[in-house]
Amino acid sequence: MSKKLFIPGPIDVSEDVLEQMATPVISHRSKEASELQKSITEKAKKLFYTDNEILLSTSSGTGLMEGSIRCCTSKRAAVFSCGSFGDRWHKMGITNGVPTDLFKVELGHAIEPEMVDKVLATGKYDLITVTHNETSTGIRNSIEDIGQILKKYDDVVYCVDTVSSAGGIKIPVDEIGIDICITSVQKAIGLPPGMSLCTFSEKARKRAEKVPNRGVYFDLLAMYEYIKKKNYQYPSTPSLSHMFALNYQLEKILKEGLENRFKRHENMAKIVRNWAEEHFEIFTDKNHLSNTLTVVKNTQNIDVSKLNEELQKRGYLIANGYGELKDKTFRISHMGDYTEEDVRDLLKNIDEILGF
Ligand code: PMP
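From a predicted model like this one, the values you see are computed outputs, not experimental measurements.

The rules behind the values
- Residues numbered from 1 in each chain as written.
- Predicted model: local features only at pLDDT ≥ 70, side-chain atom pairs only at ≥ 80, totals over all residues.
- Helix = DSSP H or I, 4+ residues; strand = E, 2+ residues; numbered from the N terminus.
- Rg over C-alpha atoms; globule rule 2.2 N^0.38 Å.
- Contact = placed C-beta atoms within 7 Å.
- Buried ≥ 20, exposed ≤ 12 C-beta atoms within 10 Å, placed from the backbone.
- Near = placed C-beta within 6 Å.
- Nonpolar A, V, L, I, M, F, W, Y, C, P; charged D, E, K, R; others polar.
- Expected span 1.5 Å × (residues − 1).
- Core = buried A, V, L, I, M, F, W, Y, C linked by C-beta atoms within 7 Å.
- Domains from an automatic or database assignment.

How would you explain the overall build of the chain if you had to name every residue and give the values?
A tally of regular secondary structure across the chain gives 13 helices and 15 strands. Its C-alpha atoms give the chain a radius of gyration of 20 Å, near enough to 21 Å, the size a compact globule of 356 residues would have. Viewed in the frame of its principal axes, the chain has a C-alpha envelope of about 60 × 55 × 35 Å. For the chain, contacts bridging at least 24 residues in sequence account for 72% of all contacts bridging at least 6.

Following this line, the structure appears as structure tokens:
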């Protein structure tokens, strides 16, 4: 029985994508490797609606998040957080010796653009981080409105974590004015975990030139310069197997049509939200609901571990709450290549188990 992972990443990967990972390995210093990276770059630019450069990393998204705050803050970073993944960026700043302040909102609520404006008006900060889709609470932040505020602050680098949204929700990077937009491949993009990518603007590049202590593996400027000097190669040895699969999957995504893909995610989200409202409550502020996952308030006090034991016998899995919300919520993802029918099947199975 094929497994259906409805946790917010990793998710199921289709057979044809997995097969790509078995492509015979090539030299990472070959012309073919350059062509492969170039091809991924072209497609990723379309996914992010950007002309900015694309950096790849053989790490999950956390690596690029750490690299961005470390490499591109020269004064002080402001981390805007509405949950566990936002908080993570604060920890990265502090532990990397970057002066970093955390601005938090109540769980289940979104970051208010006015709050960003007020913080930036102090003139203390030259980089901000925002989580687009906070996977612990199901909030989709208004990165567009925050981008509008940022237009007043020329020297501020805008970093956005789109780890659980890219590939499922439209992120027009250049229109919004995002300098570094980071995602992992194991969520709405639909690949096995182990790679991440980000967009990298000219503003981010110039900033990184002013930061001397950028580390080695997650030095975004080194990645950028290597691309330019070595015709789209990676400074160390990348996961070429992932790159074959990513190139293939991005092709499939573009073939589906980005707008179609986003619409499919919206439709899957609606089905899960309706179900959640019928039997439970949605935890998240209704004005900021994510199209890639739903965080459900466990108003019926169901035993999620027991439910999952039964679901697993049927080939499905959903997720517990995350962090502080572990026991109060559970999470259902609806991202990647799943269809509305897959989502309905999952819910039908949950209904049968819970006797709804
Ligand atoms: N940010 C968000 C919003 C996430 O959902 C996750 C993973 N759950 C991360 C960052 C960390 O990404 P990764 O596990 O790919 O390092």
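Following the structure, the description resumes.
Before we move on, can you summarise unusual backbone geometry with the specific residues and values?
What you tend to see is this: most non-glycine residues have negative phi, and most peptide bonds are trans. Here glycine 9 and proline 10 are connected by a cis peptide whose omega angle stands at -5°. Of note, tyrosine 49 is a non-glycine position whose phi angle comes to about 50°, a positive value. The topology assignment puts tyrosine 49 in the loop between α2 (31-47) and β2 (53-57). Exposure remark for tyrosine 49: the 16 C-beta atoms within 10 Å place this residue in the partly exposed category. One non-glycine residue, tyrosine 232, lies in the positive phi region at around 60°. Relative to the elements of secondary structure, tyrosine 232 occurs in the loop between α9 (220-229) and α10 (240-256).

Would you mind going over the site of the ligand in detail, with residue names and values included?
Lining the immediate surroundings of the ligand are Gly9, Ser60, Gly61, Thr62, Phe85, Thr131, Asn133, Thr135, Asp161, Val163, Ser164 and Ser184. Along the lines of polarity and charge, the residues of the shell around the ligand split into two nonpolar, nine polar and one charged.

Describe the environment of proline 113, with residues and values.
With respect to the helices and strands, proline 113 occurs in helix α5 (residues 113-120). Classification of proline 113 as partly exposed rests on a count of 19 C-beta atoms within 10 Å. For proline 113, the residues in contact, after removing those within four places along its chain, are Ser142, Asp145, Ile146 and Ile149.

Can you break down α10 residue by residue, with the values?
Taking 1.5 Å as the rise per residue, α10 with 17 residues should run 24 Å; its terminal C-alpha atoms sit 24 Å apart, in good agreement. Residues of α10 that are buried: Leu240, His242, Met243, Phe244, Ala245, Leu246, Asn247, Tyr248, Gln249, Leu250 and Ile253. Positioned one or two residues after α10, glycine 257 has a phi angle of 95°, which is positive.

Outline the nonpolar core, listing residues and values.
In summary, soluble globular proteins display a tendency toward joint burial of nonpolar side chains. In terms of nonpolar packing, the biggest core is built from 99 residues, with Leu127, Ile128, Ile180 and Cys181 touching the most fellow members. A per-element tally of this core places α10 first, with eight residues. Per-domain counts for this core show at least three residues from each of domain 1 (4-9 + 257-354) and domain 2 (21-254).

Give a detailed account of the environment of glutamine 186, specifying residues and quantitative values.
Summarising the element assignment, glutamine 186 is placed in the loop between β9 (180-184) and β10 (196-200). Sequence spacing of glutamine 186 and serine 196 is ten residues, and the spatial spacing of their C-alpha atoms is 8.6 Å. In contact with glutamine 186, not counting residues within four places along its chain, are Gly9, Pro10, Leu191, Pro192 and Pro193.

Summarise the domain arrangement of the chain; cite the residues concerned and give the values.
Split into domains, the chain comes out as domain 1 (4-9 + 257-354) and domain 2 (21-254). Each of domain 1 and domain 2 has a C-alpha centre, and the two are 26 Å apart. Across the contact, 23 residues belong to domain 1 and 23 residues belong to domain 2. Split into classes, the residues belonging to the side of domain 1 that touches domain 2 amount to nine nonpolar, ten polar and four charged.

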